[in-house]
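Spelled out, the chains give:
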Amino acid sequence: MICPLAHVEEVFKTDFGAVYQCSRKNCYWLEFQHTTTAFKVSDFIHFKKRIDTIDIEKMLCDSSRSSDFEIVMPFRTERCFLLTVEDILNLRELLSGAKFVLELKGEVKAILQRGAVFAAF
């Protein structure tokens, strides 16, 4: 559950989850698999990289039971994700969308700041 005192803004949402940004605590909240997990900014980026490195092709080609899922324990959280191939693909979509929106917002802000500087002349 997200802290009721936090000022959160939706970054990106899919049918499978959402990412929120909290300006009060300078963190991201990930809603996925019916739970919410808080991440510091650097930990969120690291978590996305970890999810992106999971070898889905190997999971699909390996017939052993242990390859049916991936266990991911994000740094500095109490959460443990048990992910199927479908979960991994859904989480990748969610995290990639959030990353794109955050980068886009940063670019727009930079352009607007440059425009304000030129307008001052």
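Described below are features of the structure shown in this document. Since the structure is predicted, the reported quantities are computational estimates derived from the model, not experimental observations.

Thresholds applied
- Residues numbered from 1 in each chain as written.
- Predicted model: local features only at pLDDT ≥ 70, side-chain atom pairs only at ≥ 80, totals over all residues.
- Heavy atoms only, no water.
- Helix = DSSP H or I, 4+ residues; strand = E, 2+ residues; numbered from the N terminus.
- Expected span 1.5 Å × (residues − 1).
- Buried < 20%, exposed > 50% of the residue type's maximum accessible area, 1.4 Å probe, protein only.
- Arc of directions from axis to C-beta.
- 1 Å grid on protein atoms, 1.4 Å probe; cavity = no way out; pocket = protein on both sides within 12 Å on 5 of 7 lines; lining within 4 Å.
- Points joined across faces, edges and corners; volume = space filled by probe spheres on them.
- Nonpolar A, V, L, I, M, F, W, Y, C, P; charged D, E, K, R; others polar.
- Core = buried A, V, L, I, M, F, W, Y, C linked by side-chain atoms within 4.5 Å.
- Contact = heavy atoms within 4.5 Å.
- Pairing = 2+ DSSP bridges.
- Axes fitted to C-alpha atoms, helices over the stretch in contact; angles between N-to-C directions.
- Salt bridge = Lys/Arg side-chain N within 4 Å of Asp/Glu carboxyl O.

**Considering helix 1 (residues 41-52)**
Within an α-helix, residues lying three or four positions from one another point in the same direction, as the helix has 3.6 residues per turn. In this model helix 1 runs 17 Å from its N-terminal to its C-terminal C-alpha over 12 residues, within 8% of the 16 Å that 1.5 Å per residue would give. For helix 1, the complete set of buried residues consists of Asp-43, Phe-44, Phe-47, Lys-48 and Ile-51. Projected down its long axis, helix 1 shows its buried positions confined to an angular sector of 140°, all on one face.

**Observations regarding the layout of surface pockets**
Considering only enclosed or pocket space, the largest pocket measures out at about 170 Å³ in volume. Lining the largest pocket are Tyr-28, Val-41, Phe-44, Ile-45, Lys-48, Lys-49, Asp-52, Lys-99, Leu-102 and Glu-103. Mapped onto the lining of the largest pocket, the elements with two or more residues apiece are helix 1 and helix 3 (85-120). Counted by class, the lining of the largest pocket contains 5 nonpolar, no polar and 5 charged residues.

**As for the nonpolar core**
With 22 residues, the main nonpolar core has Val-19, Leu-30, Phe-47, Ile-51, Leu-83 and Leu-91 as its most contacted residues. For this core, the elements supplying multiple residues, two or more each, are strand 3 (27-32), helix 1, helix 2 (56-61), strand 6 (81-83) and helix 3. Sorting elements by how many residues they give to this core places helix 3 first, with 7 residues. Non-local contacts of Leu-83, meaning those with residues more than four positions away in its chain, are made with Phe-32, Gln-33, Ile-51, Met-59, Asp-68, Phe-69, Glu-70, Val-72, Ile-88 and Leu-91. The next biggest cluster of nonpolar side chains, apart from the first, holds 5 residues, and it includes Ala-18, Cys-22, Cys-27 and Trp-29.

**Here we look at the side chain of Asp-43**
Assignment of secondary structure puts Asp-43 in helix 1. Residue Asp-43 is classed as buried on the basis of its relative accessible area of 7%. If we skip the residues at most four places from it in the chain, Asp-43 touches Phe-75 and Arg-76.

**Brief notes about the sheet that holds strand 3**
Sheet architecture is open: 4 strands sit in the order 1-2-3-4, paired in antiparallel fashion. The strands lining the two open edges of the sheet, one partner per strand, are strand 1 (8-14) and strand 4 (35-40). Strand-to-strand twist across the sheet, computed as the mean angle between neighbouring axes with direction ignored, equals 20°. Of the strand pairs in this sheet, strand 2 (residues 17-22) and strand 3 are connected by 6 bridges, and their pairing is antiparallel. By the bridge assignment, Tyr-20 is partnered in strand 3 with Trp-29.

**Describing the pattern of salt bridges**
Here the structure, examined in full by the defined rule, presents 5 salt bridges. The salt bridge involving Asp-52 is made with Lys-48; its shortest N-O contact spans 2.4 Å. Residue Asp-52 and its partner Lys-48 are both found in helix 1; the two are separated by 4 residues, about one turn of the helix. For Lys-48, a relative accessible area of 11% corresponds to the buried category. As a salt-bridge pair, Arg-50 and Glu-70 come within 3.0 Å of each other at their nearest N and O atoms. Of this pair, Arg-50 sits in helix 1 while Glu-70 sits in strand 5 (residues 70-72); the two residues are 20 residues apart in sequence, bridging distant segments of the chain.

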